[in-house]
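# Remarks on the overall topology
Okay, here's what each chain looks like letter by letter:
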Amino acid sequence: MSKTVTALRSARWFAPDDLRSSGHRSRLMQMGYDEKDWGQKPIIAILNTWSDLNPCHAHFKHRVEDVKRGVLQAGGFPVELPVQSLSETSLKPTTMLYRNFLAMEAEELLRGHPVDGVVLMGGCDKTTPALVMGAISAGFPMIFLPAGPMLRGNYKGEYLGSGSDAWKYWDERRAGTITDEQWTGVEEGIARSYGHCMTFGTASTMTAIAESMGLTLPGASSIPAADANHIRMSTRCGRRIVDMVFEDLTPDKIINRQSVDNAVAVAMATGCSTNAVVHLIAMARRAGVPLTLDELDEAGRKTPVIANIRPSGKQYLMEDFYYAGGLRALMAQMKDKLDLDVMTVSGFKLGETLEGAEVYNDDVIRPLSNPIYHEGSLAVLRGNLAPDGCVIKPSACEERLRVHEGPALVFDSYPEMKKAVEDENLDVTADHIMVLRNAGPKGGPGMPEWGMLPIPKKLIKQGIRDMLRISDSRMSGTSYGACILHVAPEAHIGGPLALVRTGDIIRVDVPNRSIDMLVDEETLARRRAEWVAPADKFERGYGWMFSKHITQADEGCDFDFLKTEFGKSAGEPDI
Ligand code: FES
Ligand code: MG
């Protein structure tokens, strides 16, 4: 179905010969525009997540001009609408507290303004799912423009990967094996251009998911932020969105069961961030696709990890991934596992967008016959410790820990845990299983990235670099290790994680997908009766609303009232 200029949504604001529309027109004139600028043209919103405190999006301040250039070339009228930035590097207590806030902001901003289509500028972890969730619910034609990864980190000629190498060298510093001067060198070299984290962390995973779901132009998610190709891609997004408005190519024509399954498979093949689980479920459910943890586990069993990028891979980073052919090449490599018949924002079906895609380095993007890990990067475990599930990234943990039984060492809060791990007399061995609770969606609040609990200093000095850790929090997508995350239901609302005590034996079996505390039912019932619910942390404000309406990790942590099936949204403004 195609649209004519008179049927444009924005025409309702500017075309009629009445007093209200006259006001709208005269206020555009106030900014120096005249009718030639906007009349009979699609008005394109550009939602920009730039801020002075978000290094991942520093270039968006200027890059937005390239998007506008494209919109103008194609005969549209671009309007930049700034939205909150969700800087992963500086927002406390955690950006996850605000993902739904940005999703609401995007949805309402679009619904309330005279716009016909939208380019979403995001990339730093939560910005991608937040913008996509909001735009799905708004329902206008949209293109996602990923920020692009930053350049490889560099220290004395060695590659440094965002997050992953910070954790790694910090442990070496704690062990006393590197000097303060060397540490400063790492600090200076690890982030040396604008762009998002350049490991396959949450940012790269989420932009890959957006692309494989059909929401970016082909190849967009792999282009490094500092590459001139990123500028050209930005302009192409501007040109393309104008056509999409006339084609009335809305998100419901792009996102369906098949495109969600494609995104899940691609996420698994990239060695994806554990955070992707929460975001994928939330995004899919906004589009009316009821994705579950079990379906993600199933996809995990069927899809090998073929992107040899840190933290799952040993050596390479996103810049190498781009030079090796990028996401199009990876998707071409796993064509048999994808539904190639789904539509993308380009106006072409996925299969058509992959024509001619080639792998230029098959050590970076492996063939399915030579993966870096035989199963997908995520596994979902269940048992009496996590009846509604939890996740682990087996590809990023030591093999000996995939089947493990050991005594629990339990912490009720992050500060308590942080202090204990520095105590060199702590009663802990490499066989212990560290547990952190009250760090979930409600308890954190916002499910902070605390799940990669630091290895106790005593063990670090013994050369231990991995041990089993369990929590109801998340971990950074750039993290690694035997960390079991997203335990649901969380301890704060009385999930069984609240009942485990130091010294209890916990058994984890990743191949059999189980996680249990070996404590008899009677003891657990007694502990449950003694359990006192912790007080909610907020009495007012956004935090209060968050605590009242946040759903658990296995449901995607959307607000209950934002779920698509909650009811109809307000629709178009009446006046
Ligand atoms: Fe922005 Fe990692 S801090 S993507
Ligand atoms: Mg991160």
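Definitions and cut-offs
- Residues numbered from 1 in each chain as written.
- Chains lettered and ligands numbered in written order.
- Predicted model: local features only at pLDDT ≥ 70, side-chain atom pairs only at ≥ 80, totals over all residues.
- Helix = DSSP H or I, 4+ residues; strand = E, 2+ residues; numbered from the N terminus.
- Rg over C-alpha atoms; globule rule 2.2 N^0.38 Å.
- Buried ≥ 20, exposed ≤ 12 C-beta atoms within 10 Å, placed from the backbone.
- Contact = placed C-beta atoms within 7 Å.
- UniProt positions renumbered as here; feature names shortened; annotations may be inferred.
- Pairing = 2+ DSSP bridges.
- Axes fitted to C-alpha atoms, helices over the stretch in contact; angles between N-to-C directions.
- Domains from an automatic or database assignment.
- Core = buried A, V, L, I, M, F, W, Y, C linked by C-beta atoms within 7 Å.
- Parallel < 35°, antiparallel > 145°, perpendicular 65-115°, else oblique.
- Nonpolar A, V, L, I, M, F, W, Y, C, P; charged D, E, K, R; others polar.
- pLDDT = per-residue confidence, 0-100.

So, about the overall build of the protein chain. Along the protein chain, the regular secondary structure elements total 20 helices and 14 strands. Here the protein chain has a C-alpha radius of gyration of 24 Å; the compact-globule value for 575 residues is 25 Å, and the two agree. Residues counted as buried form 55% of the 575 residues belonging to the protein chain. In the protein chain, the proportion of contacts linking residues at least 24 apart, taken out of those at least 6 apart, comes to 79%.

Per the UniProt record, the feature "domain: Dihydroxy-acid/6-phosphogluconate dehydratase N-terminal" (unreviewed entry) sits at residues 41–352. Here residues 41–352 runs as 46% helix and 9% strand, with 29 Å between its end C-alpha atoms.

What follows covers the UniProt feature "domain: Dihydroxy-acid/6-phosphogluconate dehydratase C-terminal" (unreviewed entry) in the protein chain. UniProt records the feature "domain: Dihydroxy-acid/6-phosphogluconate dehydratase C-terminal" (unreviewed entry) at residues 363–557, using the numbering of this structure. Across residues 363–557 one finds 16% helix and 21% strand; the C-alpha atoms that close the span lie 36 Å apart.

What follows covers the sheet that holds strand E1 (residues 43–48). In space, the 4 strands of this open sheet follow the order E2-E1-E3-E4, with parallel pairing throughout. Edge strands, defined here as strands with exactly one partner in the open sheet, are strand E2 (77–82) and strand E4 (142–146). This sheet shows a mean twist of 20° between the axes of neighbouring strands, independent of strand direction. Judged from the 6 bridges that link them, E1 and E2 form a sheet pairing that is parallel. For Ile44, the partnering residue across the bridge sits in E2 and is Pro78. With respect to the sheet, helix H4 (residues 60–73) is in contact with E1, E2, strand E3 (117–122) and E4, its orientation differing from that of E1 by roughly 165°.

What follows concerns the domain arrangement of the protein chain. Here the domain parsing of the protein chain yields domain 1 (41–151 + 193–354), domain 2 (154–190) and domain 3 (379–530). Centre-to-centre, using C-alpha coordinates, domain 1 lies 32 Å away from domain 3. Contact with domain 1, which involves 23 residues of that partner, is made by 23 residues of domain 3. Going through the elements one at a time, helix H9 (202–212), helix H12 (275–286) and helix H13 (293–302) are the ones with two or more residues in the side of domain 1 that touches domain 3. Per-element tally for the side of domain 1 that touches domain 3: the top contributor is H13, with 5 residues.

So, about the nonpolar core. Counting residues in hydrophobic clusters, the biggest one holds 173 residues, and the most contacted among them are Ile44, Val118, Val119, Leu120, Ala135 and Leu280. Both of domain 1 (41–151 + 193–354) and domain 3 (379–530) provide at least three residues apiece to this core. Those residues in contact with Ile44 that lie beyond four places of it in its chain are Val71, Gly76, Phe77, Pro78, Val79, Val115, Asp116, Gly117, Val118, Val119, Ile241 and Val242.

It is worth spelling out the packing of helix H11 (residues 257–269) against H12 at this point. Following both chains from N to C, one finds H11 and H12 inclined at 170°, their axes separated by 11 Å at the closest point. Looking at the two axes, H11 sits roughly antiparallel to H12. Note on element contacts: H12 touches H11 through Ala276, Leu280 and Ala284, opposite Val260, Ala263, Val264 and Ala267.

We now examine the packing of helix H6 (residues 127–138) against H12. At their nearest, the axes of H6 and H12 sit 9 Å apart, and the two run at 10° to each other. In terms of orientation, H6 and H12 fall into the roughly parallel class. In this structure, H6 contributes Pro129, Val132, Met133, Ile136 and Ser137 to the contact, and H12 contributes His279, Ala282, Met283 and Arg286. Each residue belonging to the contact of H6 with H12 can be placed in one class, and the counts come to 6 nonpolar, 2 polar and 1 charged.

On to the confidence of the model for the protein chain. Here the protein chain averages 95 in pLDDT, and 100% of its residues register 70 or above. Scoring the predicted complex yields pTM 0.96 and, for the interface, ipTM 0.92.

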